[in-house]
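Examination of the molecular architecture
Spelled out, the chains give:
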Amino acid sequence: MFIHTFTPTERTVTVEIPESFLNHPVEIMVVPVPYESIEQRRKEIETFFAKHQISTTDLKFNRDELYDR
């Protein structure tokens, strides 16, 4: 699923889809969204990520670990 919310400034809009959607049937819906709900959703997302902040500076990826199994 791919959801993108934006405010169009023209009647014609070009939509780029992920490459994995190519050669598959897709459904494109245009639904008006109240401005307040966009701002509310943005605040909910910011609150969620503020609670779950982590630092990845000490994480190291060792590609050889993938093949140890």
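These remarks concern the structure in this document. What you are looking at is a predicted structure, and each value in this text was computed from that prediction instead of being measured.

1. A closer look at the overall build of the protein chain
- Helix and strand counts for the protein chain come out as one helix and zero strands.
- Relative to the globule expectation of 11 Å for 69 residues, the C-alpha radius of gyration of the protein chain, 19 Å, shows a markedly less compact shape.
- Put simply, the protein chain has 69 residues, and 1% of those count as buried.
- About 7900 Å² of surface is accessible on the protein chain, with carbon and sulfur atoms providing 54% of the total.

2. Examining a nonpolar patch on the surface
- A contiguous nonpolar surface patch, about 740 Å² in accessible area, is contributed by Phe-6, Val-13, Val-15, Ile-17, Leu-22, Val-26, Ile-28 and Val-30.
- Its place among the elements puts Val-26 in the segment before helix H1 (35-51).

3. Some details on the packing of aromatic side chains
- All told, the structure shown has one aromatic pair when counted by the stated rule.
- Judged by centre distance (5.2 Å) and plane angle (85°), the rings of Phe-48 and Phe-49 are edge-to-face.
- Since its relative accessible area comes to 45%, Phe-48 is described here as partly exposed.
- Judged by its relative accessible area of 53%, Phe-49 falls in the exposed class.

Each value, and the rule that gives it
- Residues numbered from 1 in each chain as written.
- Predicted model: local features only at pLDDT ≥ 70, side-chain atom pairs only at ≥ 80, totals over all residues.
- Heavy atoms only, no water.
- Helix = DSSP H or I, 4+ residues; strand = E, 2+ residues; numbered from the N terminus.
- Rg over C-alpha atoms; globule rule 2.2 N^0.38 Å.
- Buried < 20%, exposed > 50% of the residue type's maximum accessible area, 1.4 Å probe, protein only.
- Areas by Shrake-Rupley, 256 points an atom, 1.4 Å probe, with all protein chains shown as cover.
- Patch = residues over 30% accessible without salt bridge, like charges linked within 9 Å, V, L, I, M, F, W, Y side chains within 5 Å.
- Salt bridge = Lys/Arg side-chain N within 4 Å of Asp/Glu carboxyl O.
- Phe/Tyr/Trp six-rings, centres within 6.5 Å; stacked < 30°, edge-to-face > 60°.

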